[in-house]
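Residue-level structure breakdown
Residues per chain, in single letters:
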Amino acid sequence: MLTRHGNVRYIFFGHVHRDIAGTVAGIPFSVQRGLHARFMLDVVGDEMVEQAPPAYSIILIDGQRVVIHSHDFLEQWPLWSPATGQRVR
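Sequence order sets the numbering: in each chain, residues are counted from 1 along the sequence as written. Local features in a predicted model are, by the rule used here, given only for residues with pLDDT of at least 70; side-chain atom pairs are given and counted only at 80 or more, and totals for whole chains, interfaces and linings are based on all residues. With hydrogens and water excluded, all non-hydrogen atoms of the structure serve as input to the side-chain values.

For the rest of this paragraph, the subject is the overall build of the protein. Working definition: helices are DSSP H or I runs of at least four residues, strands are E runs of at least two. Numbering for both runs from the N terminus. What the protein contains, in helices and strands, is one helix and seven strands. Starting at the N terminus and walking to the C terminus, you meet the elements of the protein as α-β-β-β-β-β-β-β. Here the term buried applies to any residue with accessible area under 20% of the maximum for its type, exposed to any over 50%, and partly exposed to those in between, with areas from a 1.4 Å probe on protein chains only. For the protein, with 89 residues in total, the buried portion stands at 16%. As presented, the protein carries roughly 7,400 Å² of accessible surface, and 58% of it is formed by carbon and sulfur atoms. Only the protein chains shown count as covering a residue, and every accessible area follows the Shrake-Rupley method with a 1.4 Å probe.

In structure tokens:
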């Protein structure tokens, strides 16, 4: 189906609870994580859900380029200055 039309250059989809990217039939794809729990990456064993910070993504499409910037929010990580090596927050 993807190659039949000849004009599919990138595939975006979502709601699988994980960040995933790859290529299928020569076409790159990406999935952005959702706003709730995500499934642990464990291909052997029982399905487990882990709590993760919600995230949103900004997707920039410019000609042949696709840039995806994902941002976790509601999660407070310490900030530090590379210049001083000191914690800022």
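Once the structure has been displayed, the description carries forward.
Quick look at the pattern of salt bridges now. Here, a salt bridge means any Lys or Arg side-chain nitrogen found within 4 Å of an Asp or Glu carboxyl oxygen. Applying the stated rule across the entire model yields one salt bridge. A salt bridge links Asp-62 to Arg-65; the nearest nitrogen and oxygen atoms lie 2.5 Å apart. Overall, the relative accessible area of 47% leaves Asp-62 in the partly exposed class. Of the residues examined, Arg-65 reaches a relative accessible area of 54% and is grouped as exposed.

So, on to the sheet that holds strand β3 (residues 27–32). Overall, mixed pairing links the three strands, which are arranged β1-β3-β2 in an open sheet. In this open sheet, the two edge strands, each paired with only one partner strand, are β1 (11–14) and β2 (20–24). Sheet twist, expressed as the average angle between the axes of neighbouring strands with direction ignored, equals 20°. By the bridge criterion, five bridges tie β2 to β3 in an arrangement that is antiparallel. Counterpart to Ile-20 in the pairing with β3 is Val-31. Two strands form a pair only when DSSP identifies at least two bridges running between them. An axis is simply a line fitted to the C-alpha atoms; with a helix, the fit covers only the stretch in contact. Between two such axes, the angle follows the N-to-C directions and lies from 0 to 180 degrees.

Using a probe with the size of a water molecule, rolled over the atoms, empty space left in the structure can be pinpointed. Site definitions follow a grid-based scheme: protein atoms alone, a 1 Å grid, a 1.4 Å probe that fits but cannot get out for cavities, and for pockets an open set with protein on both sides within 12 Å along at least five of seven lines, plus lining residues having an atom within 4 Å of a point. Grid points are joined across faces, edges and corners, and a volume is the space filled by probe spheres set on the points. Reported here for the largest pocket is a volume of approximately 160 Å³. Arg-9, Tyr-10, Phe-12, Pro-28, Ile-61, Gly-63, Gln-64, Arg-65 and Val-66 are the residues that line the largest pocket. Partitioning the lining of the largest pocket into residue classes produces five nonpolar, two polar and two charged. Under the scheme applied here, ten amino acids are nonpolar (Ala, Val, Leu, Ile, Met, Phe, Trp, Tyr, Cys and Pro), four are charged (Asp, Glu, Lys and Arg), and all others, including Gly, are polar.

A word on unusual backbone geometry. Backbone geometry at Ala-25 places phi at a positive 55°, although glycine is not the residue there. Along the polypeptide, Ala-25 turns up in the loop between β2 and β3. Exposure remark for Ala-25: the relative accessible area of 58% places this residue in the exposed category.

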